[in-house]
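Breakdown of the fold
What follows is each chain in one-letter form.
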Amino acid sequence: MSASSAKRLARSAAVAQPATPEVFERLAPRFEGLAPGSQVTGTPLEQSRARRPDREGSLDRDGVRVFWESYGEGEPAVVLFPSWMLVNSRIWKMQIPFLAARHRVVTLDPRGNGRSDRPGSASAYDQQAYIDDALAVMDHLGLERSVVIGFSIGGLHVLAFAAQHPGRVAGVVTIAASLPLGSPIRARAVALAATASEPSRTDGWFKANPRLWRRGPAEYRDFARYFFGQFFSEPHSTKGYEDAVGWALETTGEALATEWEGRAVVESPEETLALLSRVAAPVLAIHGTDDRISPAERSEQIARLTGGRLALLEGSGHGPLVRDPVKVNLLIEEFISQLGDRRPERRQHWVRGRSRRRRALFVSSPIGLGHTQRDLAIARALRELRPDLEIDWLAQDPVTTVLEVAGERIHPASPRLASEARHIDVESGEHDLHAFQAIRRMDEILLANFMLFHEIVRDEAYDLWIGDEAWEVDYYLHENPELKRAAYAWLTDFVGWLPMPEGGEPEAILTADYNAEMIEHIARYPRVRDRAIFVGNPDDIVPDRFGPDLPLIRDWTERHYAFSGHITGFDPIDLDARPALREALGYHPGEQVCLVSVGGSGVGGDLLRRVMAAFPEARRLVPNLRMVVVAGPRIDPATLPPEQPGLEVRTYVHELYRHFAACDLALVQGGLTTTMELVANRRPFLYFPLRRHFEQNFHVRHRLERYDAGIAMNFEHASPEVIAGAIAANIGTTPPYRPVERDGARRAAGLIAELL
């Protein structure tokens, strides 16, 4: 075990593994810097959505600005009503991309949150105001008749809307509806009864007191954290919890208290029963059985009294639209498809069994362009073992660039994938990518892409699904194992999320929680992955634990994975063949070639500029130096310094590994595929791991240390002069790396072919 690994292991062991409520409580430091009233919606990270609105705007209704967004086209239109003003329309982020692929979808921020106004009068927040806001937006956008969907108290709003405006409603969906029917949650009811007087208690549900919220930001923030701790009763709900608390902090305790007073007079149980009797449209009521905010009995009564359909989600809490979005999305679409005997438009194509070739759908992650080279190698080896196998690729830019050049067949639905690469670009800083948090914040993109994957495999016959770090496929199949209908192979070159030291205890808690959920998935549904393949060998696995009271990563991985060895995707070039290769690539015998490459994302621009700034000094130290900078598909060469004699910039380079094999030195980021290509070709290289990128700093570095490979450089301390000196010291050397196996692709293909 390396010294750095030992320190990480000791540090993680100091963090006790908590139960879910304790997890939420110990995440409190993540919110201390956010004052109520902070604007989260519309910030740069919020712009990295699975789908951006086609139109957005606001309208003025009785002096209050109401903000709306419109997505997609298609009938019937869908209007997603505001819920309690504690959250804004981003609560629907997991539904919008899926629904907008088929329908026009409209959202509106509630008065009091998001980009709508925060009126100061209690009368501005009565229930009728929310109903009239929705009607005004529908009129403004020309929506004559829509499916209306409401969550929590928004469920009451859509039912009231349907009763008041029956001609405008094609169908009603309520999710975890909160309305005065049945028996309330007792502890909450007792605390709410005390809100009429000065609070004598501030624990538990007694935090739900507008008098407390008005005392100051700390009391309001404390309530928001408690409320959403009850809201998410499901284990491993940290991302939804953080989102929801963040949205709550876009408004203030004063505004929420004013809103509370405005809706203090709502329908009585008798009035609610009368309201439901006037709902003529078809109704679907969705509710979690573990809802600790509003009991499921309420949706049971909605369905019974309206003659509607009831969908109870066993084990779900108050927010299934966030925590169980696949099931909620499919329930909504099934309901809409049955309105007026409308059936979903699905392609039906059946081929008699003996006439059908074997088919595989390959999902290749775009986060790290190097995956594509190994996936192509696996595909070629699979075809050798199964000549009748047809492979379709579900992929996005920049992966599709490589696949197209290789003559592969890209599934026609691929352009509909939400861009993961663009999200990574938005998340990146100066040679900085917090990989764990970036993937966490990609949740709506991953869900949107899984829904597209599900649509494809539902409507088309595939014998095999292959996912190379296709996180969305793997996660949501384990969350919804009933959707698995073909053999499934999963590949990865690392196992285990690891916290960065600067993240402190909160990040250690989060990574352990993510790891624990993955371990539970595999234990509960071991047959979802028919074959899990680790691209590498057992010694390549870091010595860390998944977290306190969790297994050692290597021990667990050896029990649950097969090992392919490393997959280069090419045959390494022998040293005696390098002169001919250099000549074929246009490199001259008398020059020392330094190749600089940063992969397929846009995060590498800062490294390219830093290295290019080092060129004059490096050329002074190495007079015959030729530096070739490969910008990749997502970095505009115009943003880089100009070329000069001995320094040239190229964009995408096909079969870049051949140039790596021909060079005298490479300067790269810390990605595994690129660095291991250099190890396989026995080329000297300097690598610069991205700051806060746990995989490059821990997993990749551990593997490179095992191969005695590469010179690790710290970007923060690597001035142009330091880089120039390192170039001069290492160019043209022949490092004594450990050998890399050449049969990894064949071994992986053999493991996968068994599933056919």
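Everything discussed here concerns the structure shown above.
Residues numbered from 1 in each chain as written. Predicted model: local features only at pLDDT ≥ 70, side-chain atom pairs only at ≥ 80, totals over all residues. Heavy atoms only, no water.

Notes on the overall build of the chain
Formally: Helical segments are the DSSP runs of H or I of at least four residues, strand segments are the runs of E of at least two, and each set is numbered from the N terminus. The classification of residues rests on relative accessible area computed with a 1.4 Å probe and restricted to protein chains. Under 20% of the type maximum is buried, over 50% is exposed, and intermediate values are partly exposed. Two residues qualify as a contact provided that any one of their heavy atoms is within 4.5 Å of a heavy atom in the partner residue.
Secondary structure summary: the chain contains 29 helices and 21 strands in total. Referenced to the eigenvectors of the C-alpha coordinate spread, the extents of the chain come out at roughly 90 × 65 × 50 Å. Here the chain holds 756 residues, and 62% of them are scored as buried. Expressed as a percentage of contacts within the chain between residues at least 6 apart in sequence, the contacts between residues at least 24 apart total 74%.

Focus on the sheet that holds strand β4 (residues 105-108)
Within a sheet, adjacent strands bond to each other through the backbone by hydrogen bonds, running parallel or antiparallel. Inclusion rule: Strand pairing requires that DSSP identify at least two bridges connecting the strands. Working convention: axes come from line fits to C-alpha atoms, limited for helices to the stretch in contact. Angles between N-to-C directions cover 0 to 180 degrees.
Strands sit in the order β1-β2-β4-β3-β5-β6-β7-β8 across an open sheet of eight strands; the sheet is mixed. The open sheet is flanked by β1 (55-61) and β8 (309-313), the only strands paired with a single partner. Strand-to-strand twist across the sheet, computed as the mean angle between neighbouring axes with direction ignored, equals 20°. With six bridges connecting them, strand β5 (residues 146-151) and strand β6 (residues 169-175) associate as parallel partners. Pairing of S146 across the sheet is with V169, part of β6.

Some points on the sheet that holds strand β10 (residues 389-394)
Strand order in this open sheet of seven strands is β11-β10-β9-β12-β13-β14-β15, and the pairing throughout is parallel. Each of the sheet's edge strands pairs with one partner strand only, and the pair in question is β11 (409-410) and β15 (562-563). By the bridge criterion, five bridges tie strand β9 (residues 358-364) to strand β12 (residues 464-468) in an arrangement that is parallel. Bridge pairing in β12 links F362 to I466.

Overview of the pattern of salt bridges
Proximity of charged atoms lets side chains of opposite charge pair with each other. To keep things clear, this is the line we draw: Whenever a carboxyl oxygen of Asp or Glu lies within 4 Å of a side-chain nitrogen of Lys or Arg, that contact is scored as a salt bridge.
Taken as a whole and assessed by the stated rule, the structure comprises 59 salt bridges. Between D243 and K239 there is a salt bridge; the shortest N-O distance is 2.8 Å. With D243 and K239 both in helix α9 (residues 238-248), this residue pair falls four residues apart, about one helical turn. The same class applies to D243 as to K239, namely buried. Among the ionic pairs, D743 bridges to R747, the shortest N-O distance being 3.7 Å.

Remarks on the packing of helix α8 (residues 217-231) against α9
Stated precisely, the cut-off is as follows: With the far helix as reference, a near helix turned anticlockwise by less than a right angle produces a left-handed crossing, and one turned clockwise produces a right-handed crossing. Just so you know the grouping, Ala, Val, Leu, Ile, Met, Phe, Trp, Tyr, Cys and Pro go in nonpolar, Asp, Glu, Lys and Arg go in charged, and all remaining residues, Gly too, go in polar.
For the pair α8 and α9, the least separation of the axes is 9 Å and the interaxial angle reads 145°. The two elements α8 and α9 cross, and the hand of that crossing is right-handed. The segment α8 lies against α9, with Y220, A224, R225, F228 and G229 engaging Y241, A244, V245 and A248. Along the lines of polarity and charge, the residues of the contact of α8 with α9 split into seven nonpolar, one polar and one charged.

Focus: helix α20 (residues 471-479)
Most of α20 sits inside the fold, with seven of its nine residues counted as buried. For α20, the set of buried residues is W471, E472, V473, D474, Y476, L477 and H478.

Examining the nonpolar core
In plain terms, the rule: In these notes, a set of buried Ala, Val, Leu, Ile, Met, Phe, Trp, Tyr and Cys residues joined through side-chain atoms within 4.5 Å is what counts as a nonpolar core.
Core analysis: the largest hydrophobic core is formed by 123 residues, its most contacted members being W84, I175, W213 and F228. Element by element, the count of residues in this core is highest for helix α19 (residues 443-459), at 10 residues. Apart from the residues lying within four places of it in its own chain, the contact partners of F228 are F24, L86, V87, Y241, A244, V245 and A248. V79, F81, A163 and L275 belong to the second-largest nonpolar core, a separate cluster that totals 36 residues.

Considerations on the environment of A728
By the secondary structure assignment, A728 is in helix α28 (residues 720-730). Ignoring sequence-local partners within four residues, the contact set of A728 consists of L621 and V622.

What about the packing of aromatic side chains?
Rules: Aromatic contacts are taken between Phe, Tyr and Trp rings whose centres are within 6.5 Å, Trp giving its six-membered ring; a plane angle under 30 degrees counts as stacked, one over 60 as edge-to-face, and the others as tilted. Here, over-ring charges are defined by two tests on the NZ atom of lysine or the CZ atom of arginine: distance to the ring centre within 6 Å, and angle to the ring normal within 35 degrees.
The tally for this structure, following the rule as stated, stands at 34 aromatic pairs. Between F494 and W497, the aromatic rings sit 5.9 Å apart at their centres with planes inclined by 75°, giving edge-to-face as the arrangement. Residue W497 is classed as buried on the basis of its relative accessible area, which comes to 12%. Three or more aromatic residues link up through ring pairs in this structure, and these residues are W84, F151, W205, W213, F223, Y226, F227, F228, F231, F232 and W260. The ring centre of F715 lies 3.9 Å from the NZ or CZ of R610, which sits over that ring. The positively charged end of R706 is found above the aromatic ring belonging to Y707, 4.7 Å away from the centroid.

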